[in-house]
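Structural overview
Now for the letters of each chain:
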Amino acid sequence: MTQPTYLKSDNPRVPEARCPFRHCVDVQTRFSDIDMLGHINNNTYLTFMDLGKIQYFSAINGGKMNVSDVRAVVVHVSCDFYEPAFFQEPLQVWSTITHVGTRSFTIEQRVINALTLSTKCIGTTVLAGFDPATQTGAPLDEQWIASAAAYEQRDLVSVDRQ
């Protein structure tokens, strides 16, 4: 776990973070991640953020990742791009939970340049509770939310929890 940061940006278009980020993972670009202009392809950012989510969930779970530990499925993904990234640019994905309801939670992720701290994009993923046995939606696992709150060192449960 790293020191909490709000990842302040010099770019006025980048919104301020509402929650501190404690989790960070370095990502490596591959030749196939680059478009004809030498930029990292926009789809690649989603792959970077998926890697970040896996590492984040593992950190919440004490360094172990078991697919059954996160009883939730992705129901929404969005990404806003602020500046291009290039091959061999040192990139990191920072992750934090920004909202927890009774049946879903939201993760915000930022891909940044590790040296300049410039924000390349901000992704938001909403995950909904899911019961694999019944193949239906379900309330979130309270124990997992408690583990996430302990990792983040803050209360994650919203007052308006629905």
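Residues numbered from 1 in each chain as written. Predicted model: local features only at pLDDT ≥ 70, side-chain atom pairs only at ≥ 80, totals over all residues. Heavy atoms only, no water.

Along its length, the chain carries two helices and six strands. In the chain, the succession of helices and strands from N to C terminus is β-α-β-β-β-β-β-α. The burial tally for the chain puts 44% of its 162 residues in the buried class. For the chain, the proportion of contacts with a sequence separation of at least 24, taken over those separated by at least 6, is 67%. Here the chain has roughly 9000 Å² of accessible surface; of this, 54% comes from carbon and sulfur atoms. Of the charged side chains in the chain, 13 are positive and 17 negative, and the gap between their average positions amounts to 3 Å. (Helix = DSSP H or I, 4+ residues; strand = E, 2+ residues; numbered from the N terminus. Buried < 20%, exposed > 50% of the residue type's maximum accessible area, 1.4 Å probe, protein only. Contact = heavy atoms within 4.5 Å. Areas by Shrake-Rupley, 256 points an atom, 1.4 Å probe, with all protein chains shown as cover. Lys, Arg positive; Asp, Glu negative; His and termini not counted. Charge placed at Lys NZ, Arg CZ, Asp CG, Glu CD.)

It is worth spelling out helix α1 (residues 42-60) at this point. Taking 1.5 Å per residue as the helical rise, α1 with its 19 residues ought to reach 27 Å, and the 28 Å between its terminal C-alpha atoms agrees with that figure. If you check which residues of α1 are buried, you get T44, Y45, F48, M49, G52, K53, Y56, F57, S58 and I60. Buried residues in α1 make contact with β1 (23-27), β2 (72-81), β3 (91-100), β4 (104-113), β5 (119-131) and α2 (142-152). Directly after α1, the chain includes G62, whose backbone phi takes a positive value near 75 degrees. (Expected span 1.5 Å × (residues − 1).)

Applying the stated criterion across every chain yields a total of seven aromatic pairs. Judged by centre distance (6.2 Å) and plane angle (40 degrees), the rings of Y56 and F57 are tilted. When its relative accessible area of 0% is taken as the criterion, Y56 is described as buried. On the basis of an interplanar angle of 70 degrees and a centroid distance of 6.4 Å, the ring pair of F57 and F105 is categorised as edge-to-face. Note that F57 is positioned in helix α1 and F105 in strand β4, a separation of 48 residues in sequence. We classify F57 as buried; its relative accessible area is 7%. Chaining the aromatic ring pairs together yields one cluster made of Y56, F57, F105, W144 and Y151. (Phe/Tyr/Trp six-rings, centres within 6.5 Å; stacked < 30°, edge-to-face > 60°.)

The periodicity of an α-helix, 3.6 residues per turn, causes residues three or four positions apart to be oriented the same way. W144, I145, A148, A149, Y151 and E152 are the residues of α2 that are buried. Each buried residue of α2 lies within a common arc of 160 degrees when the element is viewed along its axis, so the set occupies one face. Exposed residues on α2 whose side chains face more than 90 degrees from its buried face are Q143 and A150. Taking the backbone nitrogen of Q143 as reference, a side-chain oxygen 2.7 Å away marks D141 as the first, capping residue of α2. Following α2 by one or two positions, Q153 adopts a phi angle in the positive range, close to 60 degrees. (Arc of directions from axis to C-beta. Polar contact = N/O pair within 3.5 Å; in protein donor to acceptor, adjacent residues only side chain to side chain.)

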